[in-house]
Amino acid sequence: MKPFAYTRPGSAAEAVREVAVEPGAVFLAGGTNLVDHLKLGVARPDLVVDVRTLTSREITDLPDGGLRLGAASTNSEVTADRRVRERYPVLAQALLAGATGQLRNAATTGGNPLQRTRCVYFQDVTTRCNKREPGSGCSAVGGYTRYHAVLGVGSAMPDPTAPETCIATHPSDMAVALTALDAQVQVLGPAGERTIPFGELHRLPGDHPSRDTVLEHGELITAVDLPPLPSGARSAYRKVRDRASYAFALVSVAAVVAGEDVRIALGGMAHRPWRATRAEALLTGGPLTEHAVAHAMEVELTAAQPQPGLEGGNGFKIPLATRTVVATLRDLTAEALR
Amino acid sequence: MTDLLQPRAIGQGLVRRDGEAKVRGTATYAYETPVDHPAYAHPVQAAIARGRVTRIDTSAAEALDGVLAVLTHENAERLASTEDRELAVLQSPEVAFRGQLVGVVLAETSELARQGADLVRVSFAEEEHDSELTVDHPALYKPDKVNPSFETDTAEGDVAAAMATAHATVEQTYSTAMVHNNPLEPHASTALWEPGAQVPLTLWDSTQGVHPDRAAVCEVFGLDEEQVRVICPYVGGGFGSKGTPHANVMLVVLAARALPGRPVKLALTRQQMFFLAGYRTPTIQRMQVAADRTGRLQAIAIDVVEQTSRIKEFAEQTGTPTRMMYAAPNRRTTHRLAPLDVPVPSWFRAPGECPGMFGPEVALDELAEALGLDPVELRIRNDPEVDPETGKPWSSRHLVECLREGAERFGWADRPPARHRDGDWFVGTGVASSVYPTMRQATSDALVRFEEGRYVVEIGAADLGTGAWTVLPQIAADALDVPVDDVEVRIGDTRLPQASVAGGSSGTNTWGSAITVAAREFRGKFGAEPRDGDEVTGSVDQAAKDTEHAAYAFGAQFAEVRVHADTGELRVPRLYGVFAAGRIINPRTARSQFIGGMTMGLSMALHENSVWDPRIGQVANHDLAEYHITVNADVGDVQAYWLDEHDPYVNAMGSKGIGEIGITGTAAAVVNAVHRATGIRVRDLPVTLDKVLGGLP
């Protein structure tokens, strides 16, 4: 733990300016992830800029029939919003599947998707981690990989000494739902405002596993927009985990079925929420039979790389993901028939 | 035979005397003790699993404004005894396991202490380490005894011959995971060293026994017992991990002695608890069971492999329940230990019985299946008339009654067929037996004094959430033949008469016996109309002690498990236990003990798993986000019932101890139900969805 300065600027623009000029500055919103990392020594900022009251906490209707979630709205508030529950059940279910009541009361729309990828070695400063200390190596490869990625990693057992190696997964349930919903992220940065499609917010480790998102230093999420879903659309979130509550996903599925259109996003599978575009392409327009869905998922997961490791590794995620998608779409389809 | 107390207050479900203070937050725990001008300690830990500290640079920490001292093996005082190497803190540069204490920073605030600890630069000479338990580890050895003083191996008859000729046999290997106790209140203390004072050391410590705690501190620091006072009115859980002090206690005392006159506070972080506060060894249990055509056991054998640390032996007595549980003419139990570069294993709720009722109780289920016999009936058929190990009669044994009542309450006879499917879920039911020995410690004194119209009972007992604050007055009231409201009991301080550890489910049996002796002597001496200040001290060793009987509590647990047909997710909507545990002193606190034990058993079955990373030599998932403990959403209808058991041989209360039996057998019942639901036999704990997924349609 190291001391840091703390400020509460008067506006979002001011907060952005403060962070932009200080390389060691971070934004603080709900703090449910950052504060842990401060205590663990994983995050060692010089300046913490509190933005909790600087962005909107409102959930407002958009002219196109969508919703705008102010960045400061809490996970609990979004879950409780009737419009969200009625129009975007996948999001309400994902939020309710995350963390605990206490954490959901603190976590925000802007902060939740920006929690860091999860890995026990990332969280332990006595171990090597390319994300925490670029170039130091990856302790997770061949270690405790139960919660780690099978998609977006080049191989089973990538080189643990290579500086780009990282097999962590992104833990946000909300982000998986927002990926399936084609949400838009409103960002305020030193260079002004921009909009990022939610599916492009998070990144694979690539050559820089220390970077979880495409946000530049000083960029602040001010809102997340949910586009309208076609009428008759149905959506659901299914999270499979090791205990009934308060556990990260082994595999999760956010699914939207709207007429001929099928959208599938997977959690717990990769360094970012994973949009199953190949499966979607195969399923769009066709009947959603169990066989068809299972086949589409097989294609989607062709490139999956099970990571060996302690307790048998994480190869089980591959059949589990397929089974969970099949079950989720089966339930959505059955719902439609009722 | 013991002269049993006439139960009047005993048997009443009185509310916890300490409940209101705890709910209001006014109960003071060790770390919160209000003291003047405290200093705070934060440990520095080894980042290698084996080797030596070659250099410790404390200059940056010492330069920090507010840091008071940095202690390492180079400048810490030499301890009077370093025989217990777990407790010999900061005495040598040697590192015997990752996370071992190599320094401590003392500062004006806890934040500064933590920051200072971060600034201590430690260099190590790392050696090859070996921290992985395997069934054929080359260094396996036979310990002289297993805990606390049982034979390491036992054998009667010829197991191999019986296995070769029996009608049905099961030969399988089962394993239980490394688990950490994880009480809600961390291991925490406040210590004050005042060299000139009559009692120079005052230690507020979260402990399961102030007197044993004091004895350990005195041994390590070469102090007389009169020089040390240990205080502990409340404990936020221990589950065995506070039954004997760990290195953190010695560290805080060491720190306090380096800062005379200033109280020093030390609380381990949750992460540090995974290195420093004990844990249950993983166990590997090779089982052999054999039965004749009618289901009568011909042989039962368990060969246990488990681990200990290289610096201190801890031999979990996993094989002991196999010695006495069922009637089989041929029996064998063995224990072998691998000495590893790992933290020191220690007591965990129902040491021995908890892991040791997993392999055998699953093997019996497999045997019942092989025989085509109901697993309840198999257990009933093998209920021994006397203790197979000693030949002694039971003080009381009502396992059969527990099985029958449990089956009745659970609806066992009408249970769904194997692989029954209800919507998206496969449903199965399972049964297992529970057992825990009835123990009484050799040493405990209680004082009874008449004070302003009330009876004050003093004994240095501990209440780690178990109910001692509440049940000891009930025992005293009946022993004195007065209303319970006329009795005040004071516990948790070495200024009070010496008391044994709250461990081995022996607290109530031991302290209650001492209180009964004192109360009876008080009445004998002062009659029914005592004067103010009349007092008597009684000792447990004066209480009637039966050695002619084998004394155990028994139970039966029934689980309903649901396994999701798509995902393999596991749920336990029902868990019923029926126990025969002697007379229940307080049904309210007893129920809490039973269902608490069962819930912890459920947690062992489905969740708890300290995932050991042998590459670096530590638990990979060392916090409560990643180390899963069963949460409320996992706990369904958990019911505990008990028989009205009358046991005249155990003690004056007729009580057997209830703190641990609830955790024994639970995991086996769950595993057996998973098998019934899915046809999949999981033999290594915990049962997680990946272990069943491949076997689902």
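Residues numbered from 1 in each chain as written. Chains lettered and ligands numbered in written order. Predicted model: local features only at pLDDT ≥ 70, side-chain atom pairs only at ≥ 80, totals over all residues. Heavy atoms only, no water.

## As for the overall build of chain A
So, point 1. A count of helical and extended segments in chain A gives 10 helices and 12 strands.
So, point 2. What you see for chain A is a C-alpha radius of gyration of 19 Å, in line with the 20 Å of a compact globule of 338 residues.
So, point 3. A principal-axis box enclosing the C-alpha atoms of chain A has dimensions of 55 × 50 × 35 Å.
So, point 4. Counting every position in chain A, which comprises 338 residues, the buried fraction comes to 56%.
So, point 5. Of the roughly 13100 Å² that chain A leaves accessible, carbon and sulfur atoms contribute 53%.
So, point 6. The distance from the centre of the 35 positive side-chain charges to the centre of the 35 negative ones in chain A is 5 Å. (Helix = DSSP H or I, 4+ residues; strand = E, 2+ residues; numbered from the N terminus. Rg over C-alpha atoms; globule rule 2.2 N^0.38 Å. Buried < 20%, exposed > 50% of the residue type's maximum accessible area, 1.4 Å probe, protein only. Areas by Shrake-Rupley, 256 points an atom, 1.4 Å probe, with all protein chains shown as cover. Lys, Arg positive; Asp, Glu negative; His and termini not counted. Charge placed at Lys NZ, Arg CZ, Asp CG, Glu CD.)

## Quick word on helix α14 (residues 507–526) of chain B
So, point 1. With 20 residues, α14(B) extends 28 Å between its outermost C-alpha atoms, agreeing within 8% with the 28 Å of an ideal straight helix rising 1.5 Å per residue.
So, point 2. Of the residues flanking the end of α14(B), it is B:G527, one or two places downstream, whose phi is positive at about 70°. (Expected span 1.5 Å × (residues − 1).)

## Examining the nonpolar core
So, point 1. Membership of the largest hydrophobic core comes to 155 residues, with the highest contact counts inside it found for A:I264, A:L329 and B:L367.
So, point 2. In this view, A:L329 contacts A:A255, A:V257, A:V262, A:I264, A:L283 and A:V293; residues no more than four positions away in its chain are not counted.
So, point 3. In terms of nonpolar packing, the next biggest core, distinct from the first, is built from 91 residues, B:A9, B:A21, B:Y234 and B:L480 among them. (Core = buried A, V, L, I, M, F, W, Y, C linked by side-chain atoms within 4.5 Å. Contact = heavy atoms within 4.5 Å.)

## Observations regarding the domain arrangement of chain A
All names here are of chain A.
So, point 1. Taken domain by domain, chain A comprises domain 1 (5–50) and domain 2 (57–338).
So, point 2. Between the C-alpha centres of domain 1 and domain 2 the distance comes to 24 Å.
So, point 3. Each partner contributes to the roughly 1400 Å² buried at the junction of domain 1 and domain 2, and carbon and sulfur atoms together form 71% of this total.
So, point 4. The tally of links from domain 1 across to domain 2 stands at 0 salt bridges.
So, point 5. Taken together, the links from domain 1 to domain 2 amount to 4 residue pairs in polar contact (both at pLDDT 80 or more).
So, point 6. Counting only elements with at least two residues in the side of domain 1 that touches domain 2, the list comes to α1 (12–20), β2 (25–28) and α2 (34–40).
So, point 7. Among the elements that make up the side of domain 1 that touches domain 2, the one with the highest residue count is α1 (5 residues).
So, point 8. Residue composition of the side of domain 1 that touches domain 2, grouped by class: 11 nonpolar, 5 polar and 1 charged. (Domains from an automatic or database assignment. Buried area = accessible area lost by both parts, 1.4 Å probe. Salt bridge = Lys/Arg side-chain N within 4 Å of Asp/Glu carboxyl O. Polar contact = N/O pair within 3.5 Å; in protein donor to acceptor, adjacent residues only side chain to side chain. Nonpolar A, V, L, I, M, F, W, Y, C, P; charged D, E, K, R; others polar.)

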